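Analysis of the macromolecular model
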Amino acid sequence: MPLQCSGSARSAEEVNEQIRGLWLRAGGRLSTEQRAQYARLVTEWAIAVRTEVVEAAA
């Protein structure tokens, strides 16, 4: 899944749920591919959080 530089299309909550699901499916041990997916998700989550904070401050 490509990242969007201008902000996340999904909310931080949605991305967080996907991160939790990834960990649950992996049983607490991520494969190399899952680690890459986790890194993408964490980056997307951080973008979403930042976007939500900026929107709330506006």
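Residues numbered from 1 in each chain as written. Predicted model: local features only at pLDDT ≥ 70, side-chain atom pairs only at ≥ 80, totals over all residues. Heavy atoms only, no water.

1. With respect to the packing of aromatic side chains
For the coordinates displayed, the defined rule picks out 1 aromatic pair. Geometrically, the ring pair formed by W23 and Y38 is edge-to-face, given 5.5 Å between the ring centres and 80° between the ring planes. Of this pair, W23 sits in helix α1 (residues 12-26) while Y38 sits in helix α2 (residues 32-57), and the two are 15 residues apart along the sequence. Given the relative accessible area of 33%, W23 is considered partly exposed. (Phe/Tyr/Trp six-rings, centres within 6.5 Å; stacked < 30°, edge-to-face > 60°. Helix = DSSP H or I, 4+ residues; strand = E, 2+ residues; numbered from the N terminus. Buried < 20%, exposed > 50% of the residue type's maximum accessible area, 1.4 Å probe, protein only.)

2. Considering the confidence of the model for the protein chain
Chain-level statistics for the protein chain give a pLDDT mean of 88 and a share of 86% at 70 or above. When the criterion is pLDDT under 50, residues 1-5 qualifies, and its contacts beyond four places in sequence or with other chains add up to 10 contacts. (pLDDT = per-residue confidence, 0-100. Contact = heavy atoms within 4.5 Å.)

3. Remarks on the nonpolar core
Ranked by size, the top nonpolar core spans 6 residues in total: V15, I19, L22, A26, L30 and L41. At 4 residues, α1 tops the list of elements feeding residues into this core. Beyond its immediate stretch of four places on either side in the chain, I19 contacts Y38, L41, V42 and W45. (Core = buried A, V, L, I, M, F, W, Y, C linked by side-chain atoms within 4.5 Å.)

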